[in-house]
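Residue-level listing of the chains:
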Amino acid sequence: GGVYLAPSGMAQVGAALTEILFSIFLAPRSARTNLNLPAINKVDFRARCFETGETINMAYVCNQCLSIFKNCPTETCPTCEAGIIKKDQTSL
């Protein structure tokens, strides 16, 4: 029954943001049916590679910055430049 709003553009300028927040979040529940509320978008929570942007099921994760990669970075993490220590995958 909650409302999510992410105002953008001119809504953030001056007092317009305050007006939007008051009109949506302070309106009584019975009046919300008559308001033009923002649509709720579906969110895709699947992991995406930081380099390619591809959706992936299995990934390599930097243990310092938690960046997700499809392929293991060679020497350093492209995001935080932490050194990569490779372990033998047969021991996993």
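Conventions adopted
Residues numbered from 1 in each chain as written. Predicted model: local features only at pLDDT ≥ 70, side-chain atom pairs only at ≥ 80, totals over all residues. Heavy atoms only, no water. pLDDT = per-residue confidence, 0-100. Helix = DSSP H or I, 4+ residues; strand = E, 2+ residues; numbered from the N terminus. Phe/Tyr/Trp six-rings, centres within 6.5 Å; stacked < 30°, edge-to-face > 60°. Buried < 20%, exposed > 50% of the residue type's maximum accessible area, 1.4 Å probe, protein only.

1. Brief notes about the confidence of the model for the protein chain
Right, on to step 1. Confidence along the protein chain averages 77 in pLDDT terms, with 70% of residues attaining 70 or more.
Right, on to step 2. Element-level mean pLDDT values for the protein chain span from 70 in helix H1 (residues 16-25) up to 92 in strand E2 (residues 68-69).

2. Observations concerning the packing of aromatic side chains
Right, on to step 1. Tallied over the entire structure, the rule returns one aromatic pair.
Right, on to step 2. Pairing Phe50 with Phe69 gives two aromatic rings, centres 6.3 Å apart and planes at 55 degrees, and the pair type is tilted. Of this pair, Phe50 sits in the loop between helix H2 (29-32) and strand E1 (60-61) while Phe69 sits in strand E2, placing them 19 residues apart in sequence.

3. What about the side chain of Ser67?
Right, on to step 1. Its location among the elements puts Ser67 in the loop between E1 and E2.
Right, on to step 2. Relative accessible area serves as the criterion here: at 1%, Ser67 is assigned to the buried category.

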